[in-house]
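Letter by letter, the chains look like this.
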Amino acid sequence: MLEIIKEPWPWYVAGPLIGLTVPILLIIGNKSFGISSSLRHICAACIPANISFFKYDWKKESWNLFFVFGIFLGGVIAAYFLANPNPVEITPQLSEELATYGITDHSGLLPKELFSWESLSTLRGFIMIVVGGFLVGFGTRYAGGCTSGHAIMGISNLQWPSLVATICFMIGGFIMANLILPYILSL
């Protein structure tokens, strides 16, 4: 059984399991699925500022904080107990392309040449980690939610703004992966 859990699950198993969270949350407590709102709840609970954005009854949404903590805990359990000790398998073509950008270490889930404390002091690392993180946060706030909230919950509820946001997320991802990322990696 442990071997089944350690292996990647195919899309036709993992996708429906993720999709089932929507009706379960709606049936159990009329709750919406989304992750980005949890940061707002944490700020409302921990920062005693007089900011109108954080003035609401965050305790009604405390279930979301437990949900996000469960995601974090699941990640910790997976990283320490279910980790695959083998290097990440990528195609030879991708390995050759990444080598042209100086990325040769495929021993972890993320290349150390891009995501490490040492790379943070480089222009490429700063753009990838700090600027990228800021843009993700800004985009999430600007779109009124994250990809999971819009793509999973919003589209399943037939919300037009969620469809538009998800299409924009996809277009932005394609542009980033194919046009902008190669330029940043060449820095």
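Residues numbered from 1 in each chain as written. Predicted model: local features only at pLDDT ≥ 70, side-chain atom pairs only at ≥ 80, totals over all residues. Heavy atoms only, no water.

Chemist: Provide a residue-level description of the overall build of the protein chain, including the pertinent values.
Modeler: When helices and strands are tallied, the protein chain shows ten helices and zero strands. Listing every helix and strand of the protein chain by position from the N terminus yields α-α-α-α-α-α-α-α-α-α. In terms of overall dimensions, the protein chain has a C-alpha envelope of 50 × 45 × 35 Å along the principal axes. Relative to its 187 residues, the protein chain shows a buried fraction of 19%. (Helix = DSSP H or I, 4+ residues; strand = E, 2+ residues; numbered from the N terminus. Buried < 20%, exposed > 50% of the residue type's maximum accessible area, 1.4 Å probe, protein only.)

Chemist: Account for the UniProt feature "transmembrane region" (unreviewed entry) in the protein chain, with residues named and values stated.
Modeler: Residues annotated by UniProt as "transmembrane region" (unreviewed entry) correspond here to residues 12–30, 63–83, 123–143 and 163–185. Secondary structure content for residues 63–83 is 90% helix and 0% strand, and the end C-alpha separation is 28 Å. Overall, residues 163–185 shows 100% helix and 0% strand. The separation of its end C-alpha atoms is 31 Å. (UniProt positions renumbered as here; feature names shortened; annotations may be inferred.)

Chemist: So what's going on with the nonpolar core? Residues and values would help.
Modeler: L98, Y101, I103, L114, M128, I184 and L185 together form the largest nonpolar core, which totals seven residues. Not counting chain neighbours up to four residues away, the residues in contact with M128 comprise L114, F115, G133, L181 and I184. Counting five residues, the second-largest nonpolar core is a separate cluster that includes V22, L25, W63 and M153. (Core = buried A, V, L, I, M, F, W, Y, C linked by side-chain atoms within 4.5 Å. Contact = heavy atoms within 4.5 Å.)

Chemist: An account of the domain arrangement of the protein chain is requested, with residue identities and associated values reported.
Modeler: Domains assigned within the protein chain are domain 1 (1–83) and domain 2 (116–186). Put simply, the middle of domain 1 and the middle of domain 2, counted by C-alpha atoms, are 19 Å apart. For the pair domain 1 and domain 2, the summed buried surface comes to about 720 Å²; carbon and sulfur atoms form 76% of the total. Of all residues in domain 1, V22, F33 and S36 bury the most surface against domain 2, accounting for 57% of the area lost on that side. Across the domain 1-domain 2 interface, the total number found is zero salt bridges. Linking domain 1 with domain 2 are one residue pair in polar contact (both at pLDDT 80 or more). In terms of residue class, the side of domain 1 that touches domain 2 is built from six nonpolar, three polar and one charged. (Domains from an automatic or database assignment. Buried area = accessible area lost by both parts, 1.4 Å probe. Salt bridge = Lys/Arg side-chain N within 4 Å of Asp/Glu carboxyl O. Polar contact = N/O pair within 3.5 Å; in protein donor to acceptor, adjacent residues only side chain to side chain. Nonpolar A, V, L, I, M, F, W, Y, C, P; charged D, E, K, R; others polar.)

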